[in-house]
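Examining the three-dimensional arrangement
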Amino acid sequence: MLTASIVALSSLIVPLAVVEPARPKEIEQARSQPKPSTCDRSQFRVVLDVGHTVDAPGAISARNVPEYDFNLRLAKYLERRLIEDGFTKTVLLVTGGRARPSLFARAAKANGLSANLLVSIHHDSVPDSLMESWEFEGKQSHFSDRFRGYSIFVSYENPHLDRSLLFGRLLGNELKDRGLQYARQYTQPIMGRYQRKLIDPDAGVYRFDELIVLKGTQMPAVLFEAGSIINREEELVMNSAERLDLISASLRAAVKTFCNLSAPILRARTGNSATRSSAR
Ligand SMILES: [Zn+2]
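Turning next to the overall build of the protein. For the protein, the helix and strand inventory stands at seven helices and nine strands. Residues counted as buried form 42% of the 280 residues belonging to the protein. Taking as baseline every contact in the protein between residues at least 6 positions apart, the subset at least 24 positions apart corresponds to 77%.

With mixed pairing, the seven strands of this open sheet are ordered in space as S2-S1-S3-S9-S6-S8-S7. The sheet is open, and its two edges are formed by strand S2 (91-93) and strand S7 (197-200), each paired on a single side. Direction aside, the axes of adjacent strands within the sheet are offset by 30 degrees on average. Strand direction decides the pairing type here: strand S6 (residues 151-154) and strand S9 (residues 221-228), joined by three bridges, are antiparallel.

On to the environment of Asn 231. With respect to the element layout, Asn 231 can be found in the loop between S9 and helix H6 (232-238). We classify Asn 231 as buried; it has 24 C-beta atoms within 10 Å. Note: C-alpha distance between Asn 231 and Asp 124 (107 residues apart in sequence) is 9.0 Å.

As a further point, take the confidence of the model for the protein. Here the protein averages 89 in pLDDT, and 84% of its residues register 70 or above. When the criterion is pLDDT under 50, residues 9-21 qualifies, and its contacts beyond four places in sequence or with other chains add up to 10 contacts. Confidence drops under pLDDT 50 across residues 272-280; counting only partners more than four residues distant or on other chains, this segment forms zero contacts.

With that settled, consider the pairing of strand S3 (residues 117-124). Within a regular strand, the side chains alternate between the two sheet faces. Most of S3 sits out of view: eight of its eight residues are buried. Residues Leu 117, Val 119, Ile 121 and His 123 point to one face of S3 and Leu 118, Ser 120, His 122 and Asp 124 to the other, with burial holding for every one of them. Of the pairings in the sheet, the one linking strand S1 (residues 46-50) to S3 comprises five bridges and is parallel in character. From the neighbouring strand, Leu 48 faces S3, where its bridge partner is Val 119.

Right, let's talk about helix H3 (residues 99-111) for a bit. Between its first and last C-alpha, H3 extends 19 Å over 13 residues, near the 18 Å set by a 1.5 Å rise per residue. Along H3, the positions that sit buried rather than exposed are Ser 102, Leu 103, Arg 106, Ala 107 and Ala 110. One face of H3 carries all of its buried residues, which in axial projection span an arc of 135 degrees. Each element contacted by the buried residues of H3 is listed here: S1, S2, S3 and helix H5 (212-215).

Attention now goes to helix H4 (residues 161-177). In this model H4 runs 24 Å from its N-terminal to its C-terminal C-alpha over 17 residues, within 8% of the 24 Å that 1.5 Å per residue would give. Within H4, 14 of the 17 residues are buried, leaving the element largely enclosed by the surrounding structure. Of the residues trailing H4, Gly 179 is marked for its positive phi of about 90 degrees.

Basis of the calculations
Think of each chain on its own: its residues are numbered from 1, step by step along the sequence as written. Owing to the predicted nature of the model, reporting of local features is limited to residues with pLDDT of at least 70; listing and counting of side-chain atom pairs is limited to 80 or more, with chain, interface and lining totals taken over all residues. Numbering goes from the N terminus for both helices and strands, where a helix is a DSSP run of H or I of at least four residues and a strand is a run of E of at least two. Our exposure labels follow a C-beta count within 10 Å of each residue's own C-beta, placed from the backbone: buried means 20 or more other C-beta atoms, exposed means 12 or fewer, and partly exposed covers the counts in between. We call two residues in contact whenever the C-beta atoms placed from their backbones are within 7 Å. Strands are labelled as partners when DSSP assigns at least two bridges between them. Every axis in this analysis is a line fitted to C-alpha atoms, fitted for helices over the stretch in contact. Angles between the N-to-C directions lie between 0 and 180 degrees. Residue-level confidence of the predictor is what pLDDT reports, using numbers from 0 through 100. To estimate how far a helix should reach, multiply one less than its number of residues by 1.5 Å. Note that the arc is defined by the directions from the helix axis to the C-beta atoms.

Here it is in structure tokens:
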């Protein structure tokens, strides 16, 4: 769940970055006619940020499992698969401690890693007002079967908004192609302060400026809610090998396309720095 603990409380008004128009054509072309890989996967660093900490584990599932456990398992699975694909610089970012300080710590750690992409892994819940009670294994527990699905968030305060949005769209499209639906409820007034603006109604990408892990990082970044663990049926699905595989296949495909689309930018950067250093 997107708890208040993962957002900045500051109400400073920061001028929004200029958003370049979406590039659906570029995405479509890259996905439908994959060219031979133009990016050097061994040099492309993906940071998989495990949402929350052992001490502040995020949401609690319908069956009383902390969200952190789901996040860690999925992130480890994705890490293995990306490394198999040749993204050998992939980093699993695990942060400890209390909720709020951990947010700044994880952004700082990510910034020190010279990363090309950050994906913050989470699992979703609902606002307390929507919870219902049930008994699970003799314990009074909470659930809500009302909503399900993944969702993707980008912050307009991330310095690479355009690329963040591009990756969010790629990931959402891959998930959609594999039959998954995104969570629609974030546009509804019933979500109260969790209500968000839907930026891409095809891919399920929402705008959430205040997320520290997105606005405080110096690389393209998205927050990915892989599915709802407060929904009793979806919690079981999220535990299945099939769903782990399906999410992993989607993310790997999105990372590969993103890497290819980023290659010209990365080459230009390397070229510039080479020119600068040779001029010295
Ligand atoms: Zn979370």
